[in-house]
Amino acid sequence: MIGFCGALDFERGAVSFSMLKKMCGLHGAGCAFVGREYGILCDGERNFSGDVMPFTARYNKSLYTAAIIADAHGRGKTGLSQSLVEGYLEEGEEYIHRLEFSYALALYDGRCGELLLAKGHRGDKPLFYTVWDKTVYFASAIRPLMRLWGGCVRVSKKVLIAHIDGDCGSLPDGLFCDIKPVRAGHSIICSRFGQSDVATLPGVYTHDVMMSQAGEIPSANCKKDIRRALTDALFAFDYPQFDCYMPSFMAHLENAKARRLRSVCLQDATLGLDEEYAAERAERLGKAAEISVSPVATGSDPLSTRVLKAMDKELDRILSEYRSDPTSILNDLFGQEYFDELNEQKGLRSRIRKKGMLCQTAMWFDSFNIVLV
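Bear in mind that the values here come from a model prediction, so they are computed numbers and not experimental data.

Draft legend 1. Up close: the overall build of the protein. The secondary structure content of the protein amounts to 13 helices and 16 strands. Of the contacts made within the protein by residues no fewer than 6 positions apart, 67% connect residues no fewer than 24 positions apart. A total of about 16900 Å² of accessible surface is found on the protein, and carbon and sulfur atoms cover 49% of it.

Put into structure tokens, the structure is as follows:
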């Protein structure tokens, strides 16, 4: 996961550490805090960074605990979680409103027994929560919460169909029936009275200066097997998400990782389609490659018609394999008429996106215990 997960249990007044470990899937290093009704567990790599670790302080006989994931500007600050707790104790939520970088955080106030889950306005850092057995669980990725539900996750059929057949966009509202995202620029306040969604006042993001930099161009010559690209993207997002630029984008990140780069600035054609999607895409794919990605606008489309047609043809071959199975979920979601119309669609880039997500949907249902409702 490389992030954090946690729980708030007012009903029993105790949090299970073993449950947190089950959710997290530790990479071999981590740090945790468990105290009465609240617990949080962070994980990382062998060179576990103190920037990811939770920090706990006692003030006026009450405990305050924070964990945060942030972009490169935030990670450059020493003791980010500690600064968050100290700033909150001095200024309250106003301190969080003034954070000038992209972030996702969990802050527990033991004095009033409230948990604050918050995201910056850029919204690329993931943060999700669910309520299960009267306990609020949260995580900086979807998969820990899927593990919590034992892999049996309810997905809205209507929203899934609209997502596959729609334009580029971030995680659609209501896709997961029991797992909810914290939206960009919003905070979720969890207490004994339930969960409340409130808007977070905007700050000034220093990362915007990156938009003026010239980024590297992901070359179409960077080859990545389409089936592998579909699989890697599915497990990076934890739900179907694909576009025609992903294979070369992911191949470029793999090459950058091989060169031992920690960060890269890449031209991204999807920025002109949907900025929120482009931000989420850069975060998820960069995290999978263990590289910090700063997307910038591109001056021209990097993919030729010849490359797009070859990709479309390969996707047809993979898609036909899944559709040939009479038990395939694709046959329950769409009829033959839909696939006939899809093949006649003139927009090649849109057609590739839809075919890719159809393949990913079949993979998704094969890999997880997804229940359509």
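After presenting the structure, the write-up continues.
Draft legend 2. Highlighting a negative patch on the surface. A cluster of acidic side chains, namely Glu337, Asp340, Glu341 and Glu344, defines a negative patch on the protein surface. Along the polypeptide, Glu337 turns up in helix H12 (residues 336-344). With a relative accessible area of 58%, Glu337 lands in the exposed category.

Draft legend 3. Quick peek at helix H8 (residues 246-258). Taking 1.5 Å of rise per residue, the 13 residues of H8 would be expected to cover 18 Å, and the 18 Å separating its terminal C-alpha atoms lies within 8% of that figure. Looking at the packing, one finds that the buried side of H8 touches helix H7 (226-237), strand S14 (263-267), helix H9 (275-289), strand S15 (292-296) and helix H10 (305-323). Where H8 terminates, the next one or two residues include Arg260, which has phi positive at roughly 65°.

Draft legend 4. Expanded view of the pairing of strand S12 (residues 186-191). In terms of burial, S12 is a largely internal element, five of the six residues being buried. Inspection of the sheet shows strand S7 (residues 114-119) paired to S12 by four bridges, in the antiparallel sense. Paired with Leu117 across the bridge in S12 is Ile188. The pairing of S12 with strand S13 (residues 194-199) spans six bridges and is classified as antiparallel. Looking at S13, one finds that Ile188 is bridged to Asp197. What sits between S12 and S13 in their antiparallel hairpin is a turn of two residues.

Draft legend 5. Inspection of unusual backbone geometry at higher detail. Phi angles above zero are rare outside glycine, and Asp238 is one such case at about 70°. Here Asp238 is to be found in the loop between H7 and H8. With phi around 60°, Glu290 is a residue other than glycine that occupies positive phi space. Among the secondary structure elements, Glu290 is positioned in the loop between H9 and S15.

Draft legend 6. Looking closely at the packing of helix H6 (residues 157-165) against helix H13 (residues 348-367). At a minimum axis distance of 8 Å, the contact between H6 and H13 shows a crossing angle of 145°. Taking contact as the criterion, the partners of Leu160, His163, Ile164 and Asp165 in H6 are, on H13, Arg353, Lys354, Met357, Leu358, Thr361, Trp364 and Phe365. Residues belonging to the contact of H6 with H13 are distributed by class as follows: six nonpolar, two polar and three charged.

Draft legend 7. Representation of the packing of aromatic side chains within the structure. Scanning all chains against the criterion turns up 14 aromatic pairs. Ring geometry for Phe176 versus Trp364: centroids 5.9 Å apart, planes at 90°, classification edge-to-face. Placement of the pair is Phe176 in the loop between H6 and strand S11 (180-181) and Trp364 in helix H13, with a sequence separation of 188 residues. With relative accessibility at 5%, the residue Phe176 sits in the buried group. On the basis of relative accessibility, which here comes to 0%, the residue Trp364 falls in the buried class. Taken together, the ring pairs in this structure connect Phe4, Tyr38, Tyr108 and Phe138 into an aromatic cluster. Over the ring of Phe249 we find Arg281, and its NZ or CZ is 4.4 Å from the ring centre.

Draft legend 8. Fine view of the sheet that holds S12. Ordered in space as S4-S5-S6-S7-S12-S13, the six strands form an open sheet in which the pairing is antiparallel. At either margin of the open sheet sits one strand with a lone partner, and together these are strand S4 (55-59) and S13. Across this sheet, the average inter-strand angle for adjacent strands is 15°, counted without regard to direction. Of the strands in this sheet, S4, strand S5 (62-70) and strand S6 (103-109) are in contact with helix H3 (residues 80-91), which crosses S5 at around 130°.

Draft legend 9. Layout of the nonpolar core. Of all hydrophobic cores here, the largest spans 76 residues; its most connected members are Leu175, Phe176, Leu358 and Trp364. Counting residues per element, this core draws most heavily on H13, which supplies nine residues. Not counting chain neighbours up to four residues away, the residues in contact with Leu175 comprise Arg154, Val155, Ser156, Val159, Leu160, Tyr239 and Trp364. Counting residues in each nonpolar core, the second largest holds 21 residues, with Ile40, Ala106, Val136 and Val182 among its members.

Draft legend 10. Structural view of the pattern of salt bridges. Applying the stated criterion across every chain, the model contains 22 salt bridges. The shortest N-O distance in the salt bridge between Arg12 and Asp9 comes to 3.1 Å. A residue is classified by how much of its surface remains accessible, and Arg12, at 46% relative accessible area, is partly exposed. Residue class for Asp9 comes out buried when judged on its relative accessible area of 3%. Residue Arg183 pairs with Asp173 through a salt bridge whose shortest N-O separation is 2.4 Å. Placement of the pair is Arg183 in the loop between S11 and S12 and Asp173 in the loop between H6 and S11, with a sequence separation of ten residues. Bridged by salt links that share partners, the residues Arg227, Glu314, Arg317 and Glu321 form one connected network.

The rules we used
- Residues numbered from 1 in each chain as written.
- Predicted model: local features only at pLDDT ≥ 70, side-chain atom pairs only at ≥ 80, totals over all residues.
- Heavy atoms only, no water.
- Helix = DSSP H or I, 4+ residues; strand = E, 2+ residues; numbered from the N terminus.
- Contact = heavy atoms within 4.5 Å.
- Areas by Shrake-Rupley, 256 points an atom, 1.4 Å probe, with all protein chains shown as cover.
- Patch = residues over 30% accessible without salt bridge, like charges linked within 9 Å, V, L, I, M, F, W, Y side chains within 5 Å.
- Salt bridge = Lys/Arg side-chain N within 4 Å of Asp/Glu carboxyl O.
- Lys, Arg positive; Asp, Glu negative; His and termini not counted.
- Charge placed at Lys NZ, Arg CZ, Asp CG, Glu CD.
- Buried < 20%, exposed > 50% of the residue type's maximum accessible area, 1.4 Å probe, protein only.
- Expected span 1.5 Å × (residues − 1).
- Pairing = 2+ DSSP bridges.
- Axes fitted to C-alpha atoms, helices over the stretch in contact; angles between N-to-C directions.
- Nonpolar A, V, L, I, M, F, W, Y, C, P; charged D, E, K, R; others polar.
- Phe/Tyr/Trp six-rings, centres within 6.5 Å; stacked < 30°, edge-to-face > 60°.
- Lys NZ or Arg CZ within 6 Å of the ring centre and 35° of its normal.
- Core = buried A, V, L, I, M, F, W, Y, C linked by side-chain atoms within 4.5 Å.

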